[in-house]
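Topology and contacts: notes
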Amino acid sequence: MSESFYLTTPIYYVNAEPHIGHTYTSVVVDTMVRYHRLCGERSFFLTGTDEHGEKVLEVAEARGQSARRVAEHYSNLFRQTWDELGLSYDRFIRTTEPGHKSVVQGILQRVYDAGEIEFREYEGKYCVGCERFLTDRDLVDGRCRDHERAPEKRTEANYFFKMGNHFDWLTRHIEKHPDFIRPERYRNEVLAMLREESGLGGDLCISRPKSRLDWGIELPFDENYVCYVWFDALINYLTGIGYPDGPDFAEFWASAEHLIAKDILKPHAIFWPTMLRAIGLEPARHLNVHGYWNVDDRKVSKSLGNMISPLIMKEKYGFEVFRYFLLRDMAFGLDSNFSEELLVGRNNADLANNLGNLVSRSLNMTKRFANGRVPEPTESEGPESEVIAVAERAVAEVDVQMRAMRPQRALEAIFALVDASNRYLELREPWKAAKDAELAGRVDTTLYTCCEALRIIAILLSPFMPQSADEILRRLGIEGELDGAQLPQSASWGGIPPGSPTTKGAPLFPRVDLDAESE
Ligand code: MSP
């Protein structure tokens, strides 16, 4: 049986509208899942909303509404946005679902009964933005590095999960599985965090007294407390696939891939694996960590008010262009800058001039010189073999890069084939060859080669730009291409049937002129 893949996004807080940062993680997961489906692999895409905790209460109080109402509002907004953007999630989970509450309570009781939770007093620096107590590493000039606000000093009697009991095991696990946390820079960061946390005793406060916060899941062993929002939220990854005894749980859990940005590295790399250990489950297969989208060198966030709305980007440029930009411009793991100039630059260079041009030239000439039907190739020479070799390399390279969670590198490999095809067209000059008695015989092979390269490009591109890929296949007269056939066989050279009726169509990716836009 082929491998399975279970991919998750963070569940987003219900205190702000979806912006470029949330969209990026969700789009990467969507792209990965589409790729696995293309390979005939079973996959499950979980996303959703994280609805308890102080952040939501803060918004609710400011608006004079109930926390439940605020949560409902933003959760709907996230779901509707992902629907409007065509993200192909399998389940959208909400932490306020009754089913999630009973899973969390069952786990709390189990971990409590195992003696891994203890009750005592604690004083610390708490950031409401992060919903957690901070350590000195989290502070810059006394302020939280992410929220740029000073934490509050808090003393409370609370329940603590003794996660430090599992630090030796976790350190060994990270050392034994070098790509558990990837890219590597974050693995090193986690090992440093672990050393620091060990020095602090390694306890995690997992309760909040109801007297201060009652918007959460009640502890099953003390009705005066609710569960700390992170302890509740992380468990969504289990609830989402039917823990404890759903039919698919074991299969999907064994293949779990979490995607997050570096802001939530500690909860995912330290709290979560130790919680799983206490529950008696293995950690996820990979924790994939990306950097921040910045605008003017500052992280995009609600508190800074510099958010970029995916729906506005969709309206202005089309979602596929925005999606391509996100996937292509961010090296997974590093920070990236967003500006409309950069997006338009990518659109004009990669999509309009390069890919769009290949599509329109190939199909225009097929129309002119082959009556609009993919011709039968005759002989294949050096230049054809070169395109075939680049196509084969692209199929293999995309696979390697996708499995290593480097979508930007996979796109590079696809565009190497677009470049090679354009160069090939320039070399063969079918527009001249067709008028030259000696060379005219070669035109059919040239057009076949371009159409076949386009077919492979469209298949490989379909996880990244599903609609554009469908449209290319439609124009090639083979729109059912993606049903049934699987990578890598579906993209092996020679798959396009001669005689397919092609369509010219309007430019796929019109050039955008930013100056004209702003007029
Ligand atoms: N609710 C928690 C996650 C719980 S998961 C069990 C949370 N929510 S969040 O709404 O703040 O989302 C954080 C995530 O959104 C990041 O990890 C990342 O996936 C995405 N991003 C939000 N802002 C971002 C950027 N500026 N850049 C890139 N991605 C960022 O944390």
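Values in this document were obtained by computation on a predicted structure and should not be read as measured data. (Residues numbered from 1 in each chain as written. Predicted model: local features only at pLDDT ≥ 70, side-chain atom pairs only at ≥ 80, totals over all residues. Heavy atoms only, no water.)

**Some words on the packing of aromatic side chains**
Scanning the model with the defined rule gives 26 aromatic pairs in all. Between F78 and W82, the aromatic rings sit 5.8 Å apart at their centres with planes inclined by 65 degrees, giving edge-to-face as the arrangement. Note that F78 and W82 are positioned in helix α3 (residues 67-84) at a spacing of four residues, about one turn of the helix. With relative accessibility at 0%, the residue F78 sits in the buried group. For W82, a relative accessible area of 0% translates into the label buried. Between Y159 and F221, the aromatic rings sit 5.2 Å apart at their centres with planes inclined by 65 degrees, giving edge-to-face as the arrangement. One end of the pair, Y159, is in strand β9 (residues 152-161); the other, F221, is in the loop between β13 (218-219) and β14 (222-227), and 62 residues separate them in sequence. A relative accessible area of 7% means that Y159 is categorised as buried. You can call F221 buried: its relative accessible area is 17%. Taken together, the ring pairs connect Y6, F44, Y237, Y243, F249, F252, W253 and W272 into an aromatic cluster. We note R120 situated over the ring of F160; from NZ or CZ to the ring centre the distance is 4.2 Å. (Phe/Tyr/Trp six-rings, centres within 6.5 Å; stacked < 30°, edge-to-face > 60°. Helix = DSSP H or I, 4+ residues; strand = E, 2+ residues; numbered from the N terminus. Buried < 20%, exposed > 50% of the residue type's maximum accessible area, 1.4 Å probe, protein only. Lys NZ or Arg CZ within 6 Å of the ring centre and 35° of its normal.)

**Remarks on the sheet that holds β9**
If you trace the four strands from one edge of the open sheet to the other, you get β6-β5-β9-β11, paired in antiparallel fashion. At either margin of the open sheet sits one strand with a lone partner, and together these are β6 (132-134) and β11 (204-205). Where strand β5 (residues 117-127) meets β9, 10 bridges bridge the pair, whose relative direction is antiparallel. By the bridge assignment for β9, K125 is matched with K153. (Pairing = 2+ DSSP bridges.)

**A look at the pairing of strand β3 (residues 42-50)**
Of all nine residues in β3, eight are buried; the element is thus mostly enclosed. In terms of strand pairing, strand β1 (residues 4-8) meets β3 through five bridges, oriented parallel. Paired with S4 across the two strands is R42, which belongs to β3. Here strand β2 (residues 12-13) runs beside β3; their pairing, made up of two bridges, is parallel. Considered in β3, the bridge of Y13 is made with D50. Both β3 and strand β4 (residues 91-94) contribute to a ladder of four bridges, which runs parallel. The residue bridging T49 from the neighbouring strand is R94, located in β4.

**A word on helix α2 (residues 54-63)**
Within α2 the residues assigned to the buried category are E54, K55, V56, L57, V59 and A60. Its buried side turned inward, α2 meets β2, α3, β5, β9 and β12 (207-209). G64 lies just past α2 and shows a positive phi near 65 degrees. (Contact = heavy atoms within 4.5 Å.)

**Focus on the pairing of β9**
The pairing of β9 with β11 spans two bridges and is classified as antiparallel. Residue F160 lies in a different strand from β11, and its bridge partner there is C205.

**A closer look at the domain arrangement of the chain**
The figure often quoted for interface size is the accessible area lost as the parts come together. The assigned domain composition of the chain is domain 1 (4-329) and domain 2 (339-516). Of note, the centres of domain 1 and domain 2, computed from C-alpha atoms alone, are 40 Å apart. Taken residue by residue, the interface counts 28 residues in domain 1 and 33 residues in domain 2. Note on domain 1 versus domain 2: buried area summed over both sides is about 2900 Å², and carbon and sulfur give 66% of it. Where domain 1 packs against domain 2, one counts four salt bridges. With a closest N to O distance of 2.8 Å, K316 and E340 form a salt bridge. Going through the elements one at a time, β1, α1 (20-38), β15 (256-261), α11 (310-317) and α12 (319-329) are the ones with two or more residues in the side of domain 1 that touches domain 2. Broken down by element, the residue count for the side of domain 1 that touches domain 2 peaks at nine residues, all from α12. (Domains from an automatic or database assignment. Buried area = accessible area lost by both parts, 1.4 Å probe. Salt bridge = Lys/Arg side-chain N within 4 Å of Asp/Glu carboxyl O.)

**Points about the site of the ligand**
Lining the immediate environment of the ligand, one finds 24 residues, of which I11, T25, D50, D263 and W293 sit closest. Y13 places a main-chain nitrogen or oxygen 3.0 Å from an oxygen atom of the ligand. The contact in question runs from an oxygen atom of the ligand to an N or O atom on the side chain of D263, over 2.8 Å. In the complex, 95% of the free accessible area of the ligand, which totals 670 Å², lies under the protein chains. At the level of elements, β2, α1, α7 (229-234) and α8 (236-239) are the ones that each hand at least two residues to the shell around the ligand. Split into classes, the residues belonging to the shell around the ligand amount to 13 nonpolar, eight polar and three charged. (Near = heavy atom within 4 Å. Polar contact = N/O pair within 3.5 Å; in protein donor to acceptor, adjacent residues only side chain to side chain. Areas by Shrake-Rupley, 256 points an atom, 1.4 Å probe, with all protein chains shown as cover. Nonpolar A, V, L, I, M, F, W, Y, C, P; charged D, E, K, R; others polar.)

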